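# Notes for the structure review
Take a look at the letters that make up each chain.
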Amino acid sequence: MKEDEKSYARLYVDKIKAPPIRSIARFLQQGSKKGTAASMADKAARLSVGGVEVDLPVYSPTEGQDVIDVGKLTAEGYFTYDPGFVSTASCESAITYIDGDNGVLLHRGYPIEQLAEQSDHLELCYLLLNDALPNAQEKEAFVSAIKAEAAVDKRYQHAYVSIARDAHPMGTMCSMTASLSAHYHADLDVDSEEDRMLTSHRLIAKMPTLAAMTYRHSQELPFVAPRPDLPYGENFLNMMFSTGDDYEVSPVLARAMDRIFLLHADHEQNASTSTVRLAGSTGANPYASIAAGIAALWGPAHGGANEAVLNMLAEIGEPGNIDQYVNRAKDKDDSFRIMGFGHRVYKNYDPRAKVMQETCHEVLNELGVDNDPTLQMAQRLETIALEDEFFVERRLYPNVDFYSGIILKAIGIPTEMFTVIFATGRTPGWIAHWKEMVSVPYKIGRPRQLYTGSGFRDFVPIHER
Ligand code: SDX
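Residues numbered from 1 in each chain as written. Predicted model: local features only at pLDDT ≥ 70, side-chain atom pairs only at ≥ 80, totals over all residues. Heavy atoms only, no water.

## Things to note about the overall build of the protein
Summing up its helical and strand segments, the protein has 18 helices and seven strands in all. Computed over the C-alpha atoms, the radius of gyration of the protein is 24 Å, within 12% of the 23 Å expected from 2.2 N^0.38 for a compact globule of 465 residues. Its C-alpha atoms give the protein principal-axis dimensions of about 75 × 65 × 55 Å. Per-residue burial for the protein yields a buried fraction of 46% across its 465 residues. Excluding contacts between residues fewer than 6 apart, the proportion of contacts in the protein whose partners are at least 24 apart in sequence is 71%. Seen as two clouds, the 45 positive and the 63 negative side-chain charges of the protein have centres 6 Å apart. (Helix = DSSP H or I, 4+ residues; strand = E, 2+ residues; numbered from the N terminus. Rg over C-alpha atoms; globule rule 2.2 N^0.38 Å. Buried < 20%, exposed > 50% of the residue type's maximum accessible area, 1.4 Å probe, protein only. Contact = heavy atoms within 4.5 Å. Lys, Arg positive; Asp, Glu negative; His and termini not counted. Charge placed at Lys NZ, Arg CZ, Asp CG, Glu CD.)

Following this line, the structure appears as structure tokens:
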């Protein structure tokens, strides 16, 4: 857009009298259940543009930034413009809060560090879905409900026959998850809380089964059925690697696997969660909406970064080459980036990366490979990047993907499966956001655009072109 095409609007936020609005969704529902914590302040913003002054409501959250409701601007002939949604809150949510400047991640108010240390993945799934930690009975009932849904219909075993052994596992997971939507559609009522919760249980339960089947298919190995006697992480590793009844999963690896799922469980309105919400906002089948989220996660700028980190470390080859690659990452004309570094929200250390790094040391020590050359390379790269002005200036730190791949590799999971692990871990977050959205009145997501194409012109018949 040319400089002379820009004009400027003036915006100031003041305590201009505005009706105090409680949670928007519950406001629309005329009366909240228990008063929502997101009580809306009585501030407003006044925007003056093109000789027009518009007062826009400002809502204050439980934690974090105020938001300006710009819904009225369309009537005034304006859209907001925010490619990549850098400054846009797309919805109201009570599930996860991130403070990027201070490296804080809360799930329903509980910090990720405490959850990683004291909780487990299924307990976090319960928390995300129910906004409360379960007591012993509730937890037992939830775990049983998940175990009851872990198996997939026999027809899925035949569906794999049509998939090439060397197909990328994320492509396979997209299609297998989408086929769940074909299976669970006719009798699914998204307006029924019971159906929404059953759908959530099914997805949390079946994703690890489909992930393990995807891996076994690629290795030409027979499928291993889920075992109700095994905890979530251990059951997944057993379905992946079992060689027979006497196969044993190391408790340290089982714990590490569960923690990796836990650390990936949810992360506010990231690209894949926003995709799930947008797809779900049309009333689409939730399993199909989750398949759309898997597709979005696959990209190397998002969940595909864990696979890209290992490929990058392999490409760098040895510590002596690190400086050359760091310089490439700083070169505007070079598309190379340090994968696993940087984040749209975290301008400080990603709290998950810290827990992942600790888990990395635990697993490698357990396996007796604490001098793993890949880990040493990653640590060297991290040290160099964190001391380099370019990274310091842009507040680029390791994110969740930087160390996860090293742990997964040490557990024996092939690089191409890393993002499948991420998708399996993220499923409770995706479906919790879908459930939060469809449980109250919601609008179909339909953004507008800044049109810079041709103005009106008449059609030209081909003989006149
Ligand atoms: C995940 O959103 C989430 O919550 C995602 C996630 C989740 O749990 O769902 O946390 C999971 O996706 C983590 C991110 C995984 N991706 C990567 O590790 C890929 C490498 N990182 C970058 O591609 C990048 O940092 C992004 C995509 C993560 C963030 O991109 P932004 O916010 O759009 O930032 P930007 O591209 O505008 O970069 C700002 C500046 C630029 O330089 P200048 O134009 O200012 O000179 O920082 C530079 C960028 O060139 N930069 C990097 C860099 N990341 C940003 N330079 C080198 N290496 C990098 N990794």
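On we go from here.
## Here's the deal with a nonpolar patch on the surface
Taken together, the side chains of L11, V13, I68 and V70 present a nonpolar region at the surface, about 280 Å² in accessible area. Residue classification places V70 among the partly exposed positions, given a relative accessible area of 31%. (Patch = residues over 30% accessible without salt bridge, like charges linked within 9 Å, V, L, I, M, F, W, Y side chains within 5 Å. Areas by Shrake-Rupley, 256 points an atom, 1.4 Å probe, with all protein chains shown as cover. Salt bridge = Lys/Arg side-chain N within 4 Å of Asp/Glu carboxyl O.)

## Considering the packing of helix α6 (residues 169-183) against helix α7 (residues 193-218)
Running from N to C, α6 and α7 cross one another at 140 degrees; their axes reach a closest spacing of 10 Å. Classified by the angle between their axes, α6 and α7 sit oblique to one another. Of the two elements, α6 crosses α7, and the hand of that crossing is right-handed. Taken together, the residues of α7 that come into contact with α6 (itself represented by P169, T172, M173, M176, T177 and L180) are L203, K206, M207, L210, A211 and T214. Looking at the contact of α6 with α7 residue by residue, the class counts come to eight nonpolar, three polar and one charged. (Axes fitted to C-alpha atoms, helices over the stretch in contact; angles between N-to-C directions. Parallel < 35°, antiparallel > 145°, perpendicular 65-115°, else oblique. Left-handed = near helix turned anticlockwise from the far one by under 90°. Nonpolar A, V, L, I, M, F, W, Y, C, P; charged D, E, K, R; others polar.)

## Digging into the environment of D101
On the secondary structure map, D101 appears in the loop between β5 (96-99) and β6 (104-107). Apart from the residues lying within four places of it in its own chain, the contact partners of D101 are K347, N348 and R395. Reaching out from D101, the side chain makes a polar contact with the side chain of R395 at a distance of 3.2 Å. (Polar contact = N/O pair within 3.5 Å; in protein donor to acceptor, adjacent residues only side chain to side chain.)

## Notes on α7
Three- or four-residue spacings in an α-helix give side chains the same orientation, since the helix completes a turn every 3.6 residues. The end-to-end C-alpha separation of α7 is 37 Å, in line with the 38 Å expected for 26 residues at 1.5 Å each. At K206, α7 shows its maximal bend, which comes to roughly 30 degrees, and the proline P208 appears one to four places after that position. Most of α7 is tucked away: 22 of the 26 residues are buried. Positive phi appears at E220, one or two residues downstream of α7, with a value of about 55 degrees. (Expected span 1.5 Å × (residues − 1). Bend = angle between axes of the 7 residues up to and from the residue.)

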